[in-house]
Amino acid sequence: MMKKKIAVLTGGGDAPGLNAVIRAITKTAIREYDYEVIGFRDGFRGVVEENIVYLTEKEVSGILPRGGTILGTSNRDSPFKFPMGNGKFEDKSDQCIQTILKYAETLISIGGDGSLMLSYELSKKGLPVIGCPKTIDNDLRVGDAQTFGFESAYSFATEALDRLHTTAESHHRIICLEVMGRYAGWIALYSGLAGGADVILIPEIPFKYEKIIAKIDRRLAANKKFSLIVVAEGAKPKDGEMSIQKHVVASIDPVRLGGIGNIVAQKLEQMTGRETRSTVLGHLQRGGSPTAYDRILSTIYGVSAMDLAAKKQYGYVVTLGSNNKILPVPLAEAASGIRNVAPDNGVVMAARKIGISFGD
Ligand code: F6P
């Protein structure tokens, strides 16, 4: 008898834990449900180009701690507006659905807001899809659940802050650390708190230079001659704009943020006369091994996605509820926008109470 088949792809920017999810899906599919597993390479590009790999236990052996994705990924190949390489775009969505259904009965789409939005659009056209919430940005609308990759990213940013702390202190400098997160400040907020930052600037709370300087001055008055500032790439001054680094035309969201860390550092040096430096953490936050918790989260998400697939419970994204039980959230909800940091989030409130400034 022909075995049932499940297809998997990883889409959008990579994140630590992707391989752990692929491993969990593959093991669960084979051991628990006797399915065959097909991986599409490089996100939806692999679907359009029918670039597949059969995933067996051998293929996924040893990949739990490995960063990146063995399937490859892409954050610029929408099936609805597929770049043809000649500056032109074509709608390949019907072809994509046919190809996926040729190889499998269901697609497990491991991705962030862009890939889940595309998956939702494909599901509306009839594709059976289950989503798995990935992103270092932690900005998916999946209730209170954490996305995998987030903890690894902010742990790395925390380590960077620890390192900057000692050099800032030795040189009596102000140091700005720019972290990723797009339009949400989760990485800045969590790493800032964990890394003992003095100021945290996030997109959700526009800042004023005078307020940052007031905090630096309070520290100087207490004989603390250095200050650490975490700047989310999407942070912006009150009455100012986000700093855009470039536009990637073929991407679902073409805007690439970046540069605000430098801008803040220069402005503070000008305004205070104190030596200021900036560091941009960039893609270091996306690479490397997932933390232990991200490995656990990724494994539970992978197992749960396969459980839903076997039950034919399509159109959901897997998340965690109480007692670490699977809590499916409708794909429509996850695809409806991003999850920002609420200014009254408990972490923000705790940070304020211990004297961290948000520049407001
Ligand atoms: O969404 C993940 C992310 O790393 C963002 O934090 C960042 O803004 C963006 O992707 C960078 O994209 P790229 O890899 O295309 O430079």
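Reading the values: rules and limits
Residues numbered from 1 in each chain as written. Predicted model: local features only at pLDDT ≥ 70, side-chain atom pairs only at ≥ 80, totals over all residues. Heavy atoms only, no water. Helix = DSSP H or I, 4+ residues; strand = E, 2+ residues; numbered from the N terminus. Buried < 20%, exposed > 50% of the residue type's maximum accessible area, 1.4 Å probe, protein only. Contact = heavy atoms within 4.5 Å. Near = heavy atom within 4 Å. Polar contact = N/O pair within 3.5 Å; in protein donor to acceptor, adjacent residues only side chain to side chain. Areas by Shrake-Rupley, 256 points an atom, 1.4 Å probe, with all protein chains shown as cover. Nonpolar A, V, L, I, M, F, W, Y, C, P; charged D, E, K, R; others polar. Disulfide = S-S within 2.5 Å. Pairing = 2+ DSSP bridges. Axes fitted to C-alpha atoms, helices over the stretch in contact; angles between N-to-C directions.

**Some details on the side chain of Ser109**
Right, on to step 1. Relative to the helices and strands, Ser109 is located in strand S6 (residues 106–111).
Right, on to step 2. Its relative accessible area of 0% is what places Ser109 among the buried residues.
Right, on to step 3. Setting aside residues no more than four positions away along its own chain, Ser109 makes contact with Leu9, Ser115, Leu116, Ser119, Val129, Ile130, Gly131 and Cys132.

**Side note on the site of the ligand**
Right, on to step 1. Taken together, Asn75, Ile136, Asp137, Met180, Gly181, Arg182, Glu233, Arg256, His283 and Arg286 make up all the residues around the ligand.
Right, on to step 2. Gly181 has a polar backbone atom sitting 3.2 Å from an oxygen atom of the ligand.
Right, on to step 3. The separation between an oxygen atom of the ligand and a polar side-chain atom of Arg286 is 2.8 Å.
Right, on to step 4. Computed on the free molecule, the ligand has an accessible area of 400 Å², of which 81% lies beneath the protein chains in the complex.
Right, on to step 5. The residue makeup of the shell around the ligand, split by class, is two nonpolar, three polar and five charged.

**With respect to the side chain of Ser357**
Right, on to step 1. Tracing the chain through its elements places Ser357 in the segment after helix H11 (346–353).
Right, on to step 2. Residue classification places Ser357 among the buried positions, given a relative accessible area of 10%.

**Here's the deal with the environment of Leu101**
Right, on to step 1. In this fold, Leu101 is placed in helix H3 (residues 93–103).
Right, on to step 2. Judged by relative accessible area, Leu101 falls into the partly exposed class, the value being 41%.
Right, on to step 3. Once the C-alpha coordinates of Leu101 and Ala310 are considered, the two residues, 209 residues apart in sequence, prove to be 16 Å apart.
Right, on to step 4. Dropping the residues within four chain positions of it, Leu101 is found in contact with Leu127 and Pro128.

**Considerations on the state of the cysteines**
Right, on to step 1. Across all of its chains, the model carries zero disulfides by this definition.
Right, on to step 2. Of the cysteine sulfurs around Cys132, a residue in no disulfide, the closest is that of Cys96, at 19 Å.

**Focus: the sheet that holds strand S13 (residues 276–280)**
Right, on to step 1. Read from one edge to the other, the open sheet built from four strands follows the order S9-S10-S8-S13, with strand pairing classed as parallel. Single-partner strands in this sheet number two, and they are strand S9 (199–201) and S13. Here the average twist between neighbouring strands, direction ignored, is 20 degrees.
Right, on to step 2. Pairing analysis gives six bridges linking strand S8 (residues 174–179) to strand S10 (residues 227–232), with the strands arranged parallel. Following the sheet pairing, Val179 is matched in S10 by Ala232.
Right, on to step 3. Here helix H5 (residues 150–171) sits on the sheet and contacts S8, S10 and S13; the angle it forms with S8, its principal contact strand, is near 165 degrees.

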